[in-house]
Amino acid sequence: MSYDFNLKTKDNHLIIGDLDANDLAEKYQTPLYVVDEQKIRENYNKLYSAFSSKYPKLHMCYASKANTALAVMKILNTEGSYIDAVSPGEIYTALTVGFKPEEIMFTGNNVTTEELEYAHKAGVKLNIDSVSALERLSTIEGTEGREISIRVNPMVEAGHHEHCITGGPKSKFGIREDEAVEVYQRAVDLGFKPIGMHSHIGSEILESEPFMLAVESMMNIAGKVHQEVGVDFKFLDFGGGFGIPYSPDEDELDLETFTTDIINLFKSKLEEYDMGEPYFFIEPGRFLVGNAAVILTRVNTVKQSYRKFVGVDCGFGTLLRPTMYGSYHHIVTANKMDEEDVEEIDIAGNLCESGDLFARDRPMPKLEEGDLLAILNAGAYAFTMASQYNSRPRPAEILVNKDQVDIIRRREEMSDIFHGQSIPTRLLK
Ligand code: LLP
């Protein structure tokens, strides 16, 4: 089966919401991130209802690292989402957007004592990643009796690239499964109130098997902690990682089967260990926002060298995933949507690095200078991983809601490149 990305077209043009991508590019210039509000809402509700119809005590903590645009986070806030934050900056952003502290889960990794203190004082849920952090948290004033959660490594590996595998023997995240009882006991001895357990095995997973293994493993760990330490879990958090199709060869996660299998397993384990009815937490990032944005970029150079290169007006400073992980992003020609692919070409960015390529040997229609390309699935890990490398200001971001459009992040200006810097006066003599 070939996945078609549910694109809307009209008169050979790509339509986003109810608007012509070519008009948006004309008006707001390129490169441009275009976010579709309705897609975010649809994604949220699709995932939420798939799980909650089988287990209503559900909270979805949006993994904000995927996209921290204030407007995007506000949309998820209005849908009732919780937040997964991994740094004080993400906590600050979530609070600014209007999330309540108790709706924010802080899962830091290699955090300083100051960062723990910031999170503690902000009143957010704390998910502890190491014994060191646990010990240091106990030295912070006012943490006596504090509710905490602990991240475990369920020894299941999954993810689209080595860099995105967060479980298993090589992973830096969480505590060992065989030390969980001891660490939870230590938490109790230090005066904490453990109420949660967390795991996250990796990102961009399109099969249910690794999730099933992770749920089974974490439930066995939690069951043991419940029985041996007497911890009454208020929530069990299974992290994110739900994949989306990036290439036409991939299929969507079969949500109905997937959620039925996961929740059945979860419930049977709750029963096996007599753990009552804790909340089921998940932390989707990519699934909620990944397909909700495209990057519009203009072809400015067509060059026949030893290969044929089509050069566009942005590079890996705008979308790092292809360069960093070799990720496939589907690319369509927003002004030639009905045209057949006629040749295989390389689509190259505008940065001075050979790795700055969006695609190699990609079948495309006949491309000319001035054509408008839309790089799909640029809603997750796109702007949040963007940079000004080569001193290129970062693009603007607009939000489309049906026929409405708003600028949610202005295009950076040249002076933004050296924002915050100064030359010592002694060098100016
Ligand atoms: N929870 C935790 C603790 C995480 O570390 C992550 C992602 C998530 C949730 C959300 O994962 P998602 O549902 O979005 O797969 N930059 C990479 C992805 C890195 C993900 C890191 N952690 C990429 O562009 O593919």
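This text goes with the structure placed above it.
A. Expanded view of the pattern of salt bridges. Summed over the entire model, instances satisfying the criterion amount to 24 salt bridges. Put simply, Glu-79 and Arg-41 hold a salt bridge, and the shortest N to O gap is 2.9 Å. Of this pair, Glu-79 sits in helix α3 (residues 70-79) while Arg-41 sits in helix α2 (residues 37-52), and the two are 38 residues apart along the sequence. Owing to a relative accessible area of 22%, Glu-79 belongs among the partly exposed residues under this scheme. Measuring nitrogen to oxygen at the nearest pair gives 2.8 Å for the salt bridge that ties Asp-346 to Arg-360. Here Arg-360 lies in strand β17 (residues 357-364) and Asp-346 lies in strand β16 (residues 343-348), a separation of 14 residues in the sequence. When salt bridges with common partners are traced through the structure, they connect Arg-307, Asp-346, Arg-360 and Asp-361 into a single cluster.

B. Expanded view of the layout of surface pockets. The space that makes up the largest pocket amounts to roughly 900 Å³. Every residue lining the largest pocket is counted, 41 residues in all, and those nearest its centre are Lys-65, His-163, Thr-166, Phe-173 and His-200. If you tally residues by element for the lining of the largest pocket, the top one is helix α11 (residues 321-325), at 3 residues. For the lining of the largest pocket, a count of residues per class yields 14 nonpolar, 16 polar and 11 charged. Considered as a void within the structure, the second largest pocket measures approximately 600 Å³ in volume. Along the walls of the second largest pocket sit 30 residues, with Phe-5, Asn-6, Lys-39, Glu-42 and Asn-291 positioned nearest its centre. Those elements that provide at least two residues to the lining of the second largest pocket are β2 (13-16), β4 (32-36), α2 and β13 (293-304). It is α2 that provides the largest number of residues to the lining of the second largest pocket, a total of 5 residues. Here the residues of the lining of the second largest pocket are counted per class, giving 16 nonpolar, 7 polar and 7 charged.

C. Spotlight on empty space enclosed by the protein. Taken as a whole, this structure holds 1 cavity of 30 Å³ or more when the rule is applied. Taken as a whole, the largest cavity encloses approximately 100 Å³ of empty space. Lining the largest cavity are 15 residues, and of these Phe-211, Val-215, Phe-238, Phe-242 and Ile-262 lie nearest its centre. When contributions to the lining of the largest cavity are tallied by element, the ones reaching two or more residues are α8 (209-229), α9 (255-272) and β12 (279-282). For the lining of the largest cavity, the leading source of residues is α8, giving 3 residues.

D. The sheet that holds strand β3 (residues 19-20), seen in detail. Spatially, β1-β2-β3 is the arrangement adopted by the 3 strands of the open sheet, whose pairing is antiparallel. Whereas interior strands pair on both sides, the edge strands pair on one side only; in this sheet they are β1 (8-10) and β3.

E. Structural view of the site of the ligand. Inspection of the region around the ligand gives 21 residues, with His-160, Ser-203, Glu-283, Arg-321 and Tyr-381 positioned closest. Gly-285 is positioned with one of its backbone polar atoms (N or O) 2.9 Å from an oxygen atom of the ligand. Contact with the protein chains removes 93% of the 590 Å² of surface that the ligand exposes when unbound. Of all the cavities here, the one that holds the ligand is the largest pocket. Here the residues of the shell around the ligand are counted per class, giving 7 nonpolar, 7 polar and 7 charged.

Criteria and thresholds
- Residues numbered from 1 in each chain as written.
- Predicted model: local features only at pLDDT ≥ 70, side-chain atom pairs only at ≥ 80, totals over all residues.
- Heavy atoms only, no water.
- Salt bridge = Lys/Arg side-chain N within 4 Å of Asp/Glu carboxyl O.
- Helix = DSSP H or I, 4+ residues; strand = E, 2+ residues; numbered from the N terminus.
- Buried < 20%, exposed > 50% of the residue type's maximum accessible area, 1.4 Å probe, protein only.
- 1 Å grid on protein atoms, 1.4 Å probe; cavity = no way out; pocket = protein on both sides within 12 Å on 5 of 7 lines; lining within 4 Å.
- Points joined across faces, edges and corners; volume = space filled by probe spheres on them.
- Nonpolar A, V, L, I, M, F, W, Y, C, P; charged D, E, K, R; others polar.
- Pairing = 2+ DSSP bridges.
- Near = heavy atom within 4 Å.
- Polar contact = N/O pair within 3.5 Å; in protein donor to acceptor, adjacent residues only side chain to side chain.
- Areas by Shrake-Rupley, 256 points an atom, 1.4 Å probe, with all protein chains shown as cover.
- Sits in = over half its atoms within 2 Å of the grid points.

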